[in-house]
Amino acid sequence: MDCNLYWRCAKNFTGVTWEQVDGTQTKSVYAFLQSLTDPRTRTCKYLLWEILACFVIGIMHGKDSGYRIVHWCRENIGLLREYGLILENGVASYDTHMRILRLIDINMFAQEFLNWSNEFLILSGVHIAIDGKGLRGGTDKVRGGFTPYMLNVVEVTTGHIIASFPILTKEAEVSVIPSVIQMIATESNLITIDAVGTCINIISELLLNNAHLFLLVKKNNSQAYESLKNYFEDKKAMECDATASKEASHCYQSAENGNMKRKTAPLETNETVQPDNKKAGCSVLEELIESSEGKAEHTSTGWTCEKAGGHVQYRKYQAITNLESESIYNWDVGASLLGVTSALGEISGFFRTIGWAESVRVPIEKNEAGEDITRSRIDYLLYGSNRNPHPPVASDSERSSYQQIGFISTLELTANEAMRIKIEHWGVETSNQILDITLREDEARTKTGKFSFSLLRKCAFNLLRYASRNYLADDKQCQHSTRCIIDSVSGNKDLMKKLLSSGLEVYRPVTHAA
């Protein structure tokens, strides 16, 4: 493998824009469903692709369960025929629909879904996130109570699910991800995975496929986690200096004033916060400062502060790139990650950045008079909140109010670039939230055929995202509400017919924000 392949700047993977490839279209959703092999051996009254199309159309009309989908289809058979379905013998019964979901070969279905969803996006130089999602409604409460999972592969800028594979348990991700990597387009793309990505077989497969990596290091890889933690503590990289404290304090005060403005230099001791008449909005993530003063050129620190969701979230990232000049060949993260005996020396040609990230979420509190009594970040770490006067315990969990994790990458990253990549990676949770809250995947009690039903729901999800980007781009409400997209698409017969029976335009990434 050529180590020089990994000298790519992270900014090439952020702010991707897409353009249409003229004269190129994918096969239609109907054609995709017709390509599936019918598991039934006898001649049947109801065509397989029409049964599956009824599920997709029902979901796009806001129906969230098998029974409701079939009931709606039977009441709107004329509309289904307008959409291009033949339905020579009408709509099949609910039992027939669910039996088909149970009989269909899920591995074949997942592979065909991968082939179809990769047709309308040319994946080259983009950010791809891999993450598992539980189908909690399909939990088998009798045979051990295991929750089935789908391993989703998401293109983060569009939110399209480009692949989804069934796994029986969360622990099975380690064995499934390497085979998934072989099937998806990884070369020249940035691949981000949660802590499970630091397993030896996953890293090896990604490197063999010439992918760019950004991996989170958590306590599941205890040796690597402790090595990173001790290394940055020894360098005092996570010390909260007076300058950093003032930056964080100023960020919160600015959020309270509604201006959340950017700072380009540390605050002086006598500087005061000036009110800003322009209310930028506290929900916008603002980068404060990336200060290299007093540090080597290859060391960077990034701070952000965000007021949202009933708390103020402070993030601090520390990144080091020029690993060889840091003289850390005795640093044993390399040994714990890749099983080598000479530590970092043998993998320094691939991994260009190591880092440590700290995230603190301080709950917003008010007294009986309505006055803000929210504690500062440092006070919260020392004394806890007013309602819960116990200092938070550092954890690697995303749900913890005080999170500490490490990260490694084959890219040369500044602290702010690493922070942006991690935040973009968890954009996959936006897709999961839409699937769970709007399309009600978590509430689906389907025990048989749960994986097939999940793939059909993702077909509808991709079509809705495609319609939002290409046909509803001028509707600002639809850019923030999936329910609005469903109402707009289902209320437009011509648009539904175009999405279902016509080929979709192909898009490719063309430019990247600086």
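Refer to the preceding data block for the structure.
Residues numbered from 1 in each chain as written. Predicted model: local features only at pLDDT ≥ 70, side-chain atom pairs only at ≥ 80, totals over all residues. Heavy atoms only, no water.

Caption draft 1: Region of interest: the pattern of salt bridges. This model, assessed by the stated rule, comprises eight salt bridges. With its nearest N and O atoms 3.1 Å apart, the salt bridge here joins Asp194 to Lys218. With Asp194 in the loop between strand E5 (190–193) and helix H8 (200–208) and Lys218 in the loop between strand E6 (212–217) and helix H9 (222–234), this pair connects stretches of sequence that are 24 residues apart. Each member of the pair, Asp194 as well as Lys218, is classed as buried. Taken together, the shared-partner salt bridges in this structure form one network comprising Asp194, Lys218, Glu398 and Lys422. (Salt bridge = Lys/Arg side-chain N within 4 Å of Asp/Glu carboxyl O. Helix = DSSP H or I, 4+ residues; strand = E, 2+ residues; numbered from the N terminus. Buried < 20%, exposed > 50% of the residue type's maximum accessible area, 1.4 Å probe, protein only.)

Caption draft 2: Quick peek at the packing of aromatic side chains. Here the structure, examined in full by the defined rule, presents 13 aromatic pairs. Between the aromatic rings of Phe32 and Phe109, the centroid separation amounts to 6.3 Å while the plane-to-plane angle is 35°, which identifies the pairing as tilted. Taken as a pair, Phe32 in helix H1 (residues 29–34) and Phe109 in helix H6 (residues 106–117) lie far apart in primary sequence, 77 residues in all. When the ring of Trp116 is compared with that of Phe120, the centres are 5.5 Å apart and the planes differ by 70°; the resulting orientation is edge-to-face. Of the two residues, Trp116 and Phe120, both sit in the buried class. Of the aromatic side chains, those joined through ring pairs into one cluster are Phe32, Phe109, Phe113, Trp116, Phe120, Tyr466 and Tyr471. Over the ring of Phe451 we find Lys450; its NZ or CZ atom is 5.7 Å from the centre of that ring. Cation over ring: Arg457 sits above Phe453, and NZ or CZ is 4.5 Å from the ring centre. (Phe/Tyr/Trp six-rings, centres within 6.5 Å; stacked < 30°, edge-to-face > 60°. Lys NZ or Arg CZ within 6 Å of the ring centre and 35° of its normal.)

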